[in-house]
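Breakdown of the fold
So the chains spell out like this:
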Amino acid sequence: MTGYQRARGVVPAAPYRVAVVRWLDTTSPLGWQSPDDLDGDPCTITSCGYVLPLGTRAAHLTLAQDVHPEGDVNGVTHIPLRMVLSIHYATQVTVSDEP
């Protein structure tokens, strides 16, 4: 079933697919440090959001946290495609009033 399932009916589907994305992010130390003390390992991040169309920003996967009924988006993250480790698309999203 497309859209969000709810006890009282079905809410229309958002215009974008929902996904969980694992990706590598940069890290940076605070303040001045000796080059010998730097840890150069990237940080693995997990993000969840609405996947906007490829090409929204060149060579990036763009996620939005929120989608307004009129189509505007909020909480946008641009992830360089070469940093993406995995993308898992939700096939169904169930909305519940339970905490």
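As the structure is a computational prediction, the values presented were derived from the model and not from experiment.

Structural notes on the environment of Thr 26
Along the chain, the position of Thr 26 falls in the loop between β3 (17-25) and β4 (43-51). Sequence separation between Thr 26 and Gly 40 is 14 residues; the distance between their C-alpha atoms is 8.7 Å.

As for unusual backbone geometry
Leave glycine aside and you will find that most residues have negative phi; peptide bonds, for their part, are mostly trans. Of note, Ala 59 is a non-glycine position whose phi angle comes to about 60°, a positive value. Within the secondary structure, Ala 59 sits in the loop between β4 and β5 (60-67). Among the residues examined, Ala 59 registers a relative accessible area of 55% and is labelled exposed.

Digging into the nonpolar core
In this structure, Ala 19, Val 21, Trp 23, Val 51, Leu 61, Leu 63 and Ile 79 together form the largest nonpolar core, which totals seven residues. Of all elements in the fold, only β3 and β5 reach the threshold of two or more residues within this core. In terms of residue count, the dominant contributor to this core is β3 (three residues). The residues contacting Trp 23, other than those within four sequence positions of it, are Cys 43, Thr 44, Ile 45, Ser 47, Ile 79, Met 83, Val 84 and Leu 85.

Rules used throughout
Counting restarts for each chain, with residues numbered from 1 along the sequence as it is written. The predicted nature of this model means local features are confined to residues of pLDDT at least 70 and side-chain atom pairs, given and counted, to a pLDDT of 80 or more, with totals for whole chains, interfaces and linings taken over all residues. To obtain the side-chain values, all non-hydrogen atoms of the structure were used and water was disregarded. Under the DSSP-based scheme used, a helix requires at least four consecutive residues in state H or I and a strand at least two consecutive residues in state E, with every element numbered from the N terminus. Each residue's exposure class comes from its accessible area (1.4 Å probe, protein chains only) as a fraction of the maximum for that residue type: buried when under 20%, exposed when over 50%, partly exposed otherwise. Nonpolar cores were defined as sets of buried Ala, Val, Leu, Ile, Met, Phe, Trp, Tyr and Cys residues, with membership established by side-chain atoms within 4.5 Å. What makes two residues a contact is simply this: any of their non-hydrogen atoms within 4.5 Å.

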